[in-house]
Amino acid sequence: MHMHIRNIRQVHSFNYQLILALAFAVEEINKNPDLLPNMTLGFDIYNVDFRVWSTLDSPFTWLSGQYKIPNYTCMRESNSVAVLTGISGRTSAQIGTLLELYRFPQLTCGPLDTVLSDKSKFPSLYQMAPQDKSLAIAMVSLMVHFNWNWVGLVISLDESGLWIIPELREEMAKNRVCVAFEHVIPSTILTQIFSSLIIHREINNSSANIFIIYGDNEYLLNLRLYFGQFLMSSKVWLMTSQSDLSMSRRYFMLGSFHVPLMFSHHHPDISGFKNYVREINPSKYPEDFYLARLWFLSFNCSYSESDCITWENCPQDASLEWLPGHIFEMAMSEESYNIYNAVYAVAHALHKMLLHQTEGNGKEMVPSPAQLHPFLKKTQFHNPAGDLVILGEKEKLEAEYDIVNIWNFPEGLEIKVKVGLFSPYVPHGHQLSISEDMIEWTIGTTETPHSVCSESCGPGFRKSPQEEKAACCFDCIPCLQDQISNGTDMEQCVKCPDHLYASSERNQCLLRAERFLAHGEPLGMALACMALCFSTLTAAVLGVFVKYQDTPIVKANNRALSYILLTSLIFCFLCSLLFIGRPNTITCILQQVTFGVVFTVAVSTVLAKTVTVVLAFKATSPGRRMRWLLVSGAPNFIIPICILIQMTLCGVWLGTSPPFVDTDADSEHGHIIILCNTGSLTAFYCVLGYLGALALASFTVAFLARNLPDTFNEAKFLTFSMLVFCSVWITFLLVYHSTKGKLMVAVEIFSILASSAGLLGCIFAPKCYIILLKSDRNSLHGFRDKQIDGKIRFKITLCV
């Protein structure tokens, strides 16, 4: 193997692995009898300064010799056919502009660069890296996995940075991840100094704990050089391996700068590379003065110069494997893997070109670099690890990404640990696989960091966006009654069906318990007992009136109407029992119809009794026609006429919109009230209105007849009974609409009982008092003339 190391002033250990990968690939090819069998590969190594004014220094030395005379070379022994350039896209572009003058094949080992992909500017340049179309998806998938939705962006102002910004924004928007702030790193060093101050302030003021850093490594090195402390925080940084800032030992010794997660291109292990690196020492490559310097500084070796250099005082079996990870890493990096593939690509293209020459001319000729292009463009092969390598950018495969975590130890020691993998070739939802327990977020802890603008809204709450802020910033609003949200960060609460209700936590719908005014509950039992007691009492009064039917007080007040009134009051009390118990269609109809009819009988009977009193007194005047009406029994027709009118109203009601069983899910939380719906409110109020009209008529007539002279005149009692009746039902109308559920039913039952009890008490209590306790007033001597206040009044006893 021909190896020449020229013009190398300083080589970083990271770049030194690139050199070893190059040497290892060349040795493998030279040992392979099937690839370039009659040719030996060699290589020259030149160091390129990343500073703009000295970038082309080494390329001119390689092309022209140490005198650097353009278009002239003093290096006649050089047979170079291709140039491999490093990881910097900007440096590769500058070198590529020079090499394009000679149509020299150039292969880059850095990340795929959009600038270098311009074939109109760089037709002789080939990029070894795979496509990064899935990088944004991979990063956002990691954010979604850890529930990070508040992320800052620090992007370099170059083509690669400008390419990734829209990709990241689009993918973040799809997954509801918001940008806390976005800062673009300028390309000039002077502006980077001021920019670093702004970045530092934004990072400290931002509530985000996760930041993506992406860009050309040269920009990031400058940024760290002039303001290294800005990254030294407890924040978590996501970056690609090209943006790895772990090159400087000083930052790791400070112990606070921690880059936990990096995305690097996944590649298979190259068999034999670690053993090759392990066996390297200065004695094997004496011309490699960097290796000698590394040995001298790392292992305290000394050497003596004679005919050959011999190393003394070195540890036995000293190896690069002994060095810490931040000084030299044994695992092949993705850039070294690209160098390895680049060497094989050149070898395969050169092999095909030589075969083509042999088939055409019968002999091999010294190849010129320009002749290699047609073969490089079509190069596709499987490397020794079995990985498919394609140089054509249109045919390149998308990259898979290893997720690497850096474990830091004191005194600058570090270990890079693979903790996950992202593959775009796996079905969506399974593309990311990660071992969370292996991740070290800060030294000595595996606790996952938190980065959200607003804490998640748990079950029972919904999100309410904050004005003029990102979609990830919101307030959590509790769900309304009977609405639930059973997930996190719900946009809207969902209303429970009518037969279900929301739990107190508003996170699930529960089955409502049916409620109605039952006989077994205290209120229902009390009302039922009242109804039965009042109906029994009314029956007892009726019994008293039947027993004392021949006494003057019973006969004087029209005992037939009294019997009808008492009987109707018994049914008035009993009809309230229809309102107690679980409603059904029959009871709902019977409730209103029975109530309307029996109360019509009662009120119309009171009206008939009142009219009878008035007619009786009018009949005593000579020549009056009222006596004929009284004798003919005209008042008795009032009752059937009034009942007929009420039954007609009820018939229309049942024929148009009858009462039905309904449910009320709003009155009591967690319960559904089973009740009777009146169907037509108009018909219901017509029935009540008709009863009210009868009661008002009875009250008016009774009020006018209250002062008529008679010992047993009950007009006053009828007046007071109608006053109580009207008061109860007016109060009912006012209270009826302010109550809900079974209380509304209880109010109606109470109104029925109260109004019926009012009629019973006001009309019949005085009579029972006289019959049972004052029997002396219930006799014939009540017909005697008495002088009261100097005036003679005629006591007239009505016996109709």
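For the structure, see preceding data.
This one's a predicted model, so the numbers in the text were calculated from it and none came from an experiment.

*Asks:* I would appreciate a short explanation of the environment of Q17 in the present structure.
*Replies:* As for its position among the elements, Q17 is in helix α1 (residues 13–31). Spatially, the C-alpha atoms of Q17 and S333 are 8.1 Å apart, while their sequence positions differ by 316 residues. Within the local environment of Q17, its side chain forms a polar contact with the backbone oxygen of E329, the two atoms lying 2.7 Å apart. Within the structure, the side chain of Q17 is placed 2.8 Å from the backbone oxygen of A331, a separation counted as a polar contact.

*Asks:* Please clarify how the nonpolar core should be interpreted in this entry.
*Replies:* Soluble globular proteins tend to pack their nonpolar side chains together in the buried interior. Ranked by internal contacts, the top residues of the largest apolar core, which has 67 residues, are F545, F599, F725, W729, I749, L759 and F764. Element by element, the count of residues in this core is highest for helix α21 (residues 742–772), at 14 residues. Counting residues in hydrophobic clusters, the runner-up holds 59 residues, among them I29, L323, I339 and V343.

*Asks:* What am I meant to see in the pairing of strand β26 (residues 671–677) here?
*Replies:* It is a general feature of regular strands that their side chains alternate between the two faces of the sheet. Judged by how many residues are buried, β26 sits mostly within the fold: five of seven residues are covered. Alignment of strand β25 (residues 660–664) against β26, held across five bridges, turns out to be antiparallel. Directly across from T663, in β26, lies its bridge partner I674. Following β25, the chain reverses through six residues before pairing antiparallel with β26; G670 in that reversal takes a positive phi of roughly 85°.

*Asks:* Could you clarify how one ought to interpret the packing of helix α18 (residues 638–656) against helix α19 (residues 681–704) in this entry?
*Replies:* Following both chains from N to C, one finds α18 and α19 inclined at 170°, their axes separated by 9 Å at the closest point. By the angle between their directions, the pair α18 and α19 is classed as roughly antiparallel. Facing I641, C642, I645, Q646, L649, C650 and W653 of α18, the residues of α19 in contact are A683, F684, C686, V687, Y690, L691 and L694. Taken together, the residues that form the contact of α18 with α19 break down as 13 nonpolar, one polar and no charged.

*Asks:* Quick question: what am I supposed to make of the sheet that holds strand β24 (residues 513–515) here?
*Replies:* Note on sheets: strands pair through backbone hydrogen bonds, and any given pair is parallel or antiparallel. Ordered by their spatial adjacency, three strands build an open sheet running β24-β26-β25, and the pairing between neighbours is mixed. Each edge of the sheet is formed by a strand with only one pairing partner; in this case those strands are β24 and β25. Across the sheet, the mean angle separating the axes of adjacent strands is 35° when strand polarity is ignored.

*Asks:* Please explain the side chain of T587 as it appears in this structure.
*Replies:* Among the secondary structure elements, T587 is positioned in helix α16 (residues 585–618). Within the structure, T587 has its side chain in polar contact with the backbone nitrogen of N584 (distance 2.9 Å).

*Asks:* Just checking my understanding: could you explain the state of the cysteines for this structure?
*Replies:* Put plainly, two cysteines are in a disulfide when a covalent bond ties their sulfur atoms together. Considering all chains together, one arrives at six disulfides under this definition. The residue that forms a disulfide with C496 is C509, at a sulfur-sulfur distance of 2.0 Å. Between C496 and C509 the disulfide shows an S-S torsion of about -90°. By sign, it is left-handed. Of this pair, C496 sits in the loop between β21 (494–495) and β22 (500–502) while C509 is found in strand β23 (residues 509–511), placing the two residues 13 residues apart along the sequence. Each sulfur in the disulfide pair C588 and C676 lies 1.9 Å from the other. Taking the torsion about the S-S bond as the criterion, the C588 to C676 disulfide, at about -80°, is left-handed. Of the two residues, C588 sits in helix α16 while C676 sits in strand β26, which places them 88 residues apart along the sequence. As far as burial versus exposure is concerned, C588 and C676 are alike and both buried.

*Asks:* What's the story with α18 in this structure? I'm lost.
*Replies:* Residue pairs spaced three or four apart in an α-helix point in one direction, given the helix's 3.6 residues per turn. Between its terminal C-alpha atoms α18 stretches 27 Å, which fits the 27 Å expected from 19 residues at 1.5 Å a residue. Looking only at α18, the buried set comprises I638, I639, C642, I643, Q646, C650 and W653. Along α18, the residues classed as buried sweep out an arc of 115° about the axis, all on the same side. Among the exposed residues of α18, those oriented more than 90 degrees off its buried face are L644, G655 and T656.

*Asks:* Explain the packing of aromatic side chains here, please?
*Replies:* Both the distance between ring centres and the angle between the ring planes are used here to describe each pair of aromatic rings. Taken as a whole, this structure holds 22 aromatic pairs when the rule is applied. Ring centres of F24 and F273 lie 5.6 Å apart, and the angle between their planes is 75°; this geometry places the pair in the edge-to-face category. Here F24 is found in helix α1, whereas its partner F273 is found in helix α9 (residues 273–279), with 249 residues between them in sequence. In terms of burial, F24 and F273 fall into one category: buried. Pairing F725 with W729 gives two aromatic rings, centres 6.4 Å apart and planes at 55°, and the pair type is tilted. Of this pair, F725 and W729 both sit in helix α20 (residues 715–736), four residues apart, roughly one helical turn. In this structure F725 comes out as buried when scored by relative accessible area, which is 3%. Here the aromatic residues F24, F273, Y276, Y340 and Y344 are joined through ring pairs into a cluster of three or more. Its end group placed over the ring of Y126, K119 keeps NZ or CZ at 5.1 Å from the ring centre. One residue, K463, lies across the ring of F474, its end atom 4.8 Å from the ring centre.

Calculation criteria
Along each chain, residue indices are assigned from 1 in the same order as the chain's sequence is written. Predicted model: local features are reported for residues with pLDDT of at least 70 only, side-chain atom pairs are reported and counted for 80 or more only, and whole-chain, interface and lining totals are derived from all residues. Side-chain calculation: all heavy atoms of the structure are included, whereas hydrogens and water are not. Only runs of H or I of at least four residues qualify as helices and only runs of E of at least two qualify as strands under DSSP, and these elements are numbered from the N terminus. Polar contact is the term for a pair of N or O atoms within 3.5 Å; when the atoms are in protein, one must be able to donate a hydrogen and the other to accept it, and sequence-neighboring residues count only if both atoms are side-chain atoms. For the purposes of this section, nonpolar cores are sets of buried Ala, Val, Leu, Ile, Met, Phe, Trp, Tyr and Cys residues that join through side-chain atoms within 4.5 Å. Buried means the residue's accessible area, taken with a 1.4 Å probe over protein chains only, is under 20% of the maximum for its type, while exposed means over 50%, and partly exposed covers the values in between. Two strands pair if DSSP finds at least two bridges between them. Here the axes come from fitting lines to C-alpha atoms, over the contacting stretch only for helices, and the angles between their N-to-C directions go from 0 to 180 degrees. Any angle that falls under 35 degrees is termed roughly parallel, while one over 145 is termed roughly antiparallel, one within 65 to 115 roughly perpendicular, and all others oblique. Note on definitions: a residue-residue contact is assigned when non-hydrogen atoms from the two residues lie within 4.5 Å. Only Asp, Glu, Lys and Arg are considered charged, only Ala, Val, Leu, Ile, Met, Phe, Trp, Tyr, Cys and Pro nonpolar, and every remaining residue, Gly among them, polar. Put simply, a disulfide is two cysteine sulfurs that come within 2.5 Å. Between the first and last residue of a helix there are one fewer steps than residues, each counted as 1.5 Å, and that sum is the expected span. The directions considered for the arc are those from the helix axis to the C-beta atoms. We call Phe, Tyr and Trp rings a pair once their centres come within 6.5 Å, taking the six-membered ring for Trp, and we label the pair stacked below 30 degrees between planes, edge-to-face above 60, and tilted otherwise. Cation placement over rings: the criterion is NZ of Lys or CZ of Arg within 6 Å of the ring centroid and within 35° of the ring normal.

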